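Chain residues, written in single-letter form:
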Number of protein chains: 2
Amino acid sequence: MKVTILGCYAATPRSFTNPTSQVLEINNHLFLIDCGEGTQVQLRRNKIKFSKIKHIFISHLHGDHFYGLVGLVSTFRLLNRDNELHIYGPKGIKEIITLQLKLANSWTNFPLIFHELTSKEPELLFEDSKVSVSTLPLKHRVYTNGFLFKEKEGDRKLLIDKAEEYNIDYTLFKSLKKGKDVVSEDGKLIPNYLVTADPPPAKSYAFCSDTVYDPELVPLIKDVTVLYHESTFLEDQADLAFPTKHSTAKQAASIANAANVEKLIMGHYSTRYTNIELFRTEASEIFSDIILADDGKEIIVE
Amino acid sequence: MKVTILGCYAATPRSFTNPTSQVLEINNHLFLIDCGEGTQVQLRRNKIKFSKIKHIFISHLHGDHFYGLVGLVSTFRLLNRDNELHIYGPKGIKEIITLQLKLANSWTNFPLIFHELTSKEPELLFEDSKVSVSTLPLKHRVYTNGFLFKEKEGDRKLLIDKAEEYNIDYTLFKSLKKGKDVVSEDGKLIPNYLVTADPPPAKSYAFCSDTVYDPELVPLIKDVTVLYHESTFLEDQADLAFPTKHSTAKQAASIANAANVEKLIMGHYSTRYTNIELFRTEASEIFSDIILADDGKEIIVE
């Protein structure tokens, strides 16, 4: 699992900082999460292949989270994309994008499929044999969702030496990987655990931005491998967090701690701060395994 | 008069090139022309004060000419702008911008005034005592206007030594600057030309992008000081120019030559070309005083 931070600053793009966008690579999927202005340039700088992006998830309709979307869709068109593009985001996103394509007389030549969200309960957006994506309802100034990406537990790991030792025909290996007991060539029932090992633990990623401090989120993200939680403010501006429906570094850490996550990525820093290390300093009083997002950073989770 | 090129490449923003946007400073006005994605970052990099921009002119609704507009308007809001912003552009532009502000629940706290264009004849958009701005109807794949910015001829230049020599009271200096004859303190009629000189010549700037090669443009831009004319293609791709309704370097030079302009700025290069000097090479067979636009370049016209 790899997270590439394309942009992680709040409010407005600046000379050297980008608004929210990130790419999650999980189980051979490449998911784009949020798409602030300039995202297509950040994708190029990070050498991410445009054609691999098939699903884009937009948390909410504040500009710093989606103003780069229409440009990216238009560029896909110019690059003669032909595979489907799925866009998940709040109701209204379809009208915004299609209005602009219509007025430019530039319909896409690939299927552009909108999944407009209105529910305030978690809902499943995408699922295949390897991964699922669900919403995490967030509390912000406008309708907002975070997203929970979960690997499915993989097949059991076949211990090939053991399987040969127990004289098991190779046509049964698939059954073994699925956890079944099998009968060996000499007629003995071989319990699965003797010839397989547990699969690697399924990883999960929760993206939570933008959101006020919200303990109701904790059960929804319990035990995730990596939590990205916004931390717009430090303690010096803590009184701004609630009225703007954002979080502080300490609040992000409290959520990570309560949800028992393995790692916390912090981002969505207010551009008033020049030294983002202070976010770690304040949060690490409450939670230890912290990664500070920064534009262009790749975070690999083994 | 100064033109700052914020972006001058066609189609799509890339790691080191920006789509169309430029700032024209003329007679203490600062006009923003087109606003491709990333324009607000380019404004910052070129240290142009956001609050000085009061008029934005959008040529057409292809993304590489206006996808940065909504972000710029939103940033003006975040910066607590309070002075009026006028946006001139094709019909539809108001709906695009206001829909996005509405869905973000982010109305501007400053007056945002749209001037939607539909005419296919030149029309006056703005005028004050020093400058006028009119449309230049262009032929492109969608409804498109160029813009003609014209200084008005200034006051005559008072020759102060001469005025004193002819014994003219200083209360009459304003009349002299306006070209009037006056009576000296000793009762003589002093013809204006004896004590004043011609004002500096009024400068003009024509922005023509995007457009197919169109000789009908020539009388509208006759004798302008500086012409910005798109040149998307070189001769190697000349057969693409007409079907895509763009121009070649030679075609841009032909228009400059026929219109007898002083200087030609070329830009809107297709991103397939890596060496933009070739645009000068081809165009200079037809027209000599050529400036190649490039992102970040400042062009001062004395």
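Residues numbered from 1 in each chain as written. Chains lettered and ligands numbered in written order. Predicted model: local features only at pLDDT ≥ 70, side-chain atom pairs only at ≥ 80, totals over all residues. Heavy atoms only, no water.

Give me helix α3 (residues 69–78) of chain B: which residues, what numbers.
An α-helix turns once every 3.6 residues. As a result, residues three or four positions apart point the same way. All names here are of chain B. Of all ten residues making up α3, eight are buried, and the element is well covered by its neighbours. Taken as a whole, α3 has its buried residues at L69, V70, G71, L72, V73, S74, T75 and F76. The first or second residue beyond α3 is N80, which carries a positive phi of 60 degrees. (Buried < 20%, exposed > 50% of the residue type's maximum accessible area, 1.4 Å probe, protein only. Helix = DSSP H or I, 4+ residues; strand = E, 2+ residues; numbered from the N terminus.)

Go over unusual backbone geometry, please, and point to the residues and values.
That bond from A:S209 to A:D210 is cis: its omega, 0 degrees, falls within 30 degrees of zero. You can see A:D210 is positioned in the loop between β14 (204–208) and β15 (226–230). For B:D223, which is not a glycine, the phi torsion comes out positive at approximately 65 degrees. Relative to the helices and strands, B:D223 resides in the loop between β14 (204–208) and β15 (226–230). For B:D223, a relative accessible area of 48% puts it in the partly exposed group.

So what about the side chain of B:H62? Which residues, and what values?
Counting through the fold element by element, B:H62 comes out in the loop between β4 (55–57) and α2 (63–66). Using a relative accessible area of 6% as the deciding quantity, one classes B:H62 as buried. Within the structure, B:H62 has its side chain in polar contact with the side chain of B:H140 (distance 3.3 Å). Beyond its immediate stretch of four places on either side in the chain, B:H62 contacts A:A104, A:S106, B:H140, B:R141 and B:V142. (Polar contact = N/O pair within 3.5 Å; in protein donor to acceptor, adjacent residues only side chain to side chain. Contact = heavy atoms within 4.5 Å.)

I'd love a proper account of the UniProt feature "binding site: Zn(2+) 2" (unreviewed entry) in chain A, names of residues and values included.
Residue and element names in this part refer to chain A. According to UniProt, the positions carrying the feature "binding site: Zn(2+) 2" (unreviewed entry) are D64, H65, D210 and H268. Annotated residues spanning 205 residues; largest pairwise C-alpha distance 10.4 Å, indicating a single compact cluster. One can find D64 in helix α2 (residues 63–66). Among all residues touching D64, those that are not within four sequence positions of it are A10, A11, P19, T20, G36 and H268. The residues touching D210, leaving out its near neighbours within four places in the chain, are H60, H65, L138, K139, H140, T144, E230, H246 and H268. A polar contact of 3.0 Å, which involves the side chain of D210, links it to the side chain of H65. (UniProt positions renumbered as here; feature names shortened; annotations may be inferred.)

Break down the environment of B:V195 for me, with residues and values.
All names here are of chain B. Within the element layout of this structure, V195 appears in the loop between β12 (189–190) and β13 (196–197). Its relative accessible area of 0% is what places V195 among the buried residues. In this structure, the C-alpha to C-alpha distance between V195 and R156, residues 39 residues apart in sequence, is 9.7 Å. Among residues more than four places away in sequence, those in contact with V195 are K157, L158, L159, K162, A163, Y166, I168, L176 and I190.

How would you summarise the interface of chain A and chain B if you had to cite specific residues and measurements?
Across the contact, 35 residues belong to chain A and 35 residues belong to chain B. Here chain A meets chain B over a buried area of about 2,900 Å², counting both sides, of which 55% is carbon and sulfur. The largest per-residue losses of area from chain A upon contact with chain B belong to A:E37, A:Y67 and A:L103, which jointly make up 21% of the total buried on that side. Applying the counting rule to chain A against chain B returns zero salt bridges. Along the contact surface separating chain A from chain B lie 16 residue pairs in polar contact (both at pLDDT 80 or more). Listed by contribution, the elements that provide at least two residues to the side of chain A that touches chain B are α1 (39–45), α3 (69–78) and α4 (93–103) of chain A. Ranked by residue count, the leading element in the side of chain A that touches chain B is α4(A), at six residues. In terms of residue class, the side of chain A that touches chain B is built from 14 nonpolar, 14 polar and seven charged. (Buried area = accessible area lost by both parts, 1.4 Å probe. Salt bridge = Lys/Arg side-chain N within 4 Å of Asp/Glu carboxyl O. Nonpolar A, V, L, I, M, F, W, Y, C, P; charged D, E, K, R; others polar.)

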